[in-house]
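Chain by chain, the residues:
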Amino acid sequence: MSGAGAPDFFYREAQRLGYLARSAFKLLQIQKQYKLIKPGSSVLDLGCAPGAWLQVACQSLGPLKNGGSVVGIDIKKVKVPSLHCDARVQTVSADVMNMPKKQVRALSPQQKGFSVILSDMCPSVSGIPIKDAALSAELGMQALDLAVGQVSSAHPAEDIHREEGQLDGSDSGPADGGVLQQGGHLVIKLLESEDVQEFSKICKPLFRKASWLRPKATRSSSREIYLICQGLKYSR
């Protein structure tokens, strides 16, 4: 379904299946198309409230015997959902963007980093499209910096162009060591604007593949779009 009927449909389906939010279906579609999370994966969920992506991520790991882990971080305190989650899921209440990378890495198995990083973070919407898009881009750049390192988030628009020149064709790894493992995958939510395509220009040299997806569960009035980055080429 699409258009005005879609929100009601996905809301009802989320309730029927025990998901905490309709956003679960966004990650379910991403997982179905790209198969980012596999048995044994270590997953970091940025902006994990209310916990629907934690549920899908844990489900995607398969049975408990397959191993793997899911760590959710959010400014809000989030309890591990009772449905679709097990002992492999933990949550941390913190502002991940003020956490040193070393501290985030320490949350991963054997402190070796994560194989999948999901960023469903979004700014508080002001209703001013240009402002909201800029804030979304800043969060996206911060998530990218956390994952791969070397990408400054102080001035997103300027840094995108500067980093593009530094990273395109480079054979060296991230200078400050991101927390995404080599070969790992990254998903970033953004709001559509003129600048979002610049993210592709940064990510394509770093990853085996970078593509865009607007999940079917996205509300028709929303400008949300997801950048799916597969196979990090460099890691330190």
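Numbering of residues begins from 1 in every chain and follows the order in which that chain's sequence is written. Only residues with pLDDT of at least 70 are given local features in this predicted model, and only at 80 or more are side-chain atom pairs given and counted; all residues enter the totals for whole chains, interfaces and linings. Only heavy atoms go into the side-chain values, all of them from the structure, while hydrogens and water stay out.

### Brief notes about the overall build of the protein chain
Part 1: By the criteria applied, helices consist of DSSP H or I runs no shorter than four residues and strands consist of E runs no shorter than two, each listed in order from the N terminus. Regarding its fold elements, the protein chain presents seven helices and seven strands.
Part 2: Taken over 236 residues, the protein chain has a buried fraction of 54%.
Part 3: Contacts are assigned to residue pairs with any non-hydrogen atoms lying within 4.5 Å of each other. At a minimum sequence separation of 6, the contacts of the protein chain that also span at least 24 residues come to 68%.
Part 4: To be clear on the numbers: accessible area is Shrake-Rupley with a 1.4 Å probe, and residue cover counts the displayed protein chains and nothing else. Entry remark: accessible area of the protein chain is about 11,200 Å², with carbon and sulfur atoms responsible for 51%. Using a 1.4 Å probe on the protein chains alone, a residue whose accessible area is under 20% of its type maximum counts as buried, one over 50% counts as exposed, and one in between counts as partly exposed.

### Describing the packing of helix α2 (residues 24–34) against helix α3 (residues 52–60)
Part 1: For helices, the fitted axis covers only the stretch in contact; all axes are lines through C-alpha atoms, and the angles between them, taken along N-to-C directions, range from 0 to 180 degrees. Direction vectors running N to C along α2 and α3 enclose 30°, while the axes themselves pass 8 Å from each other. Comparing their axes, α3 and α2 come out roughly parallel. As for how α2 packs across α3, the hand of that crossing is right-handed. Contacts between α2 and α3 involve Ala24, Lys26, Leu27, Leu28, Ile30 and Gln31 from the former and Ala52, Trp53, Val56, Ala57 and Ser60 from the latter.
Part 2: Classifying every residue of the contact of α2 with α3 gives eight nonpolar, two polar and one charged. Orientation labels follow simple angle bins: below 35 degrees gives roughly parallel, above 145 gives roughly antiparallel, 65 to 115 gives roughly perpendicular, and whatever is left gives oblique. Take the far helix as your reference; a near helix turned counterclockwise from it by less than a right angle gives a left-handed crossing, and one turned clockwise gives a right-handed crossing. In this classification, Asp, Glu, Lys and Arg are treated as charged, Ala, Val, Leu, Ile, Met, Phe, Trp, Tyr, Cys and Pro as nonpolar, and every other residue, Gly included, as polar.

### Thoughts on the confidence of the model for the protein chain
Part 1: Per-residue pLDDT for the protein chain has a mean of 86; in total, 85% of the residues score no lower than 70.
Part 2: Every residue gets a pLDDT, meaning the predictor's confidence in that residue, from 0 to 100. pLDDT under 50 marks residues 1–7. Its contacts with residues more than four places away, or in other chains, come to seven contacts.
Part 3: Note that residues 152–175 has pLDDT below 50 and, in this model, 46 contacts with residues that lie over four places away or in other chains.

### A look at the packing of aromatic side chains
Part 1: Pairing of aromatic rings covers Phe, Tyr and Trp, the last counted by its six-membered ring, and requires centre-to-centre distances within 6.5 Å; plane angles under 30 degrees mean stacked, over 60 mean edge-to-face, and any other angle means tilted. Evaluation of the coordinates by the stated rule reveals four aromatic pairs.
Part 2: Geometrically, the ring pair formed by Phe9 and Phe10 is edge-to-face, given 5.0 Å between the ring centres and 75° between the ring planes.
Part 3: Classification of Phe9 as partly exposed rests on a relative accessible area of 27%.
Part 4: Put simply, the rings of Phe9, Phe10, Tyr19 and Phe25 pair up and form one aromatic cluster.

### A look at the UniProt feature "active site" (unreviewed entry) in the protein chain
Part 1: Summarizing the sequence annotation, UniProt attributes the feature "active site" (unreviewed entry) to Lys189 in the numbering used throughout.
Part 2: In this structure, Lys189 sits in strand β5 (residues 180–191).
Part 3: When near neighbours in sequence (up to four residues on either side) are disregarded, Lys189 contacts Ser119, Asp120, Met121, Cys122, Ser136, Glu224, Ile225 and Tyr226.
Part 4: Side-chain polar atoms of Lys189 contact the backbone oxygen of Asp120, separated by 3.3 Å. UniProt positions are given in the numbering used here, feature names are shortened, and annotations may be inferred rather than shown by experiment. Any pair of N or O atoms that falls within 3.5 Å is considered a polar contact. Within protein, one atom must be able to donate a hydrogen and the other to accept it, and sequence-neighbouring residues count only if both atoms are side-chain atoms.

### A short note on the sheet that holds strand β1 (residues 42–46)
Part 1: What the seven strands build is an open sheet, ordered β3-β2-β1-β4-β5-β7-β6; its pairing is mixed. The two strands at the open ends of the sheet, each matched to only one other strand, are β3 (89–93) and β6 (207–213). The mean inter-strand angle of the sheet, taken between neighbouring strand axes irrespective of direction, is 15°.
Part 2: Only when DSSP finds a minimum of two bridges between them are two strands counted as paired. As judged from the five bridges shared by strand β4 (residues 114–119) and β5, these two strands associate in the parallel manner. Bridge pairing links Ile117 to Leu186 in β5.
Part 3: Each of β1, β2 (69–74), β3, β4 and β7 (224–232) touches α3; the most contacted strand, β2, lies at about 170° to it.

### Considerations on the packing of helix α5 (residues 129–148) against helix α7 (residues 197–206)
Part 1: Between α5 and α7, the shortest axis-to-axis distance is 12 Å and the interhelical angle comes to 10°. With respect to α7, the element α5 is oriented roughly parallel. Contacts between α5 and α7 involve Ala137, Gly140, Met141, Leu144 and Val148 from the former and Phe199, Ile202, Cys203 and Leu206 from the latter.

### Remarks on α7
Part 1: Burial of α7 is extensive: seven of the ten residues sit out of reach of the surface.
Part 2: Within α7, burial applies to Glu198, Phe199, Ser200, Ile202, Cys203, Pro205 and Leu206.

### Remarks on the pattern of salt bridges
Part 1: We count a salt bridge whenever a side-chain nitrogen from Lys or Arg sits within 4 Å of a carboxyl oxygen from Asp or Glu. Using the criterion set out here, one finds seven salt bridges in the structure.
Part 2: For Lys201, the salt bridge goes to Glu198, with nearest N and O atoms at 3.7 Å. Placement of both Lys201 and Glu198 in helix α7 is noted, with a separation of three residues, approximately one turn of the helix.
Part 3: Judged by relative accessible area, which is 41%, Lys201 ranks as partly exposed.
Part 4: Counted as one network, the salt bridges with shared partners bring together Lys26, Asp120, Lys189 and Glu224.

### Here we look at the nonpolar core
Part 1: The term nonpolar core refers to a set of buried residues drawn from Ala, Val, Leu, Ile, Met, Phe, Trp, Tyr and Cys, joined through side-chain atoms within 4.5 Å. Residues Leu44, Leu46, Val96, Val104, Ile117, Leu186 and Phe207 are the most contacted members of the largest nonpolar core, which totals 36 residues.
Part 2: Residue assignment for this core shows that the elements contributing at least two residues are β1, β2, β4, α5, β5, α7, β6 and β7.
Part 3: Those residues in contact with Val96 that sit more than four places away from it in its chain are Leu46, Ile73, Val104, Met121 and Leu146.
Part 4: Counting residues in each nonpolar core, the second largest holds 31 residues, with Ile37, Val70, Leu118 and Leu213 among its members.

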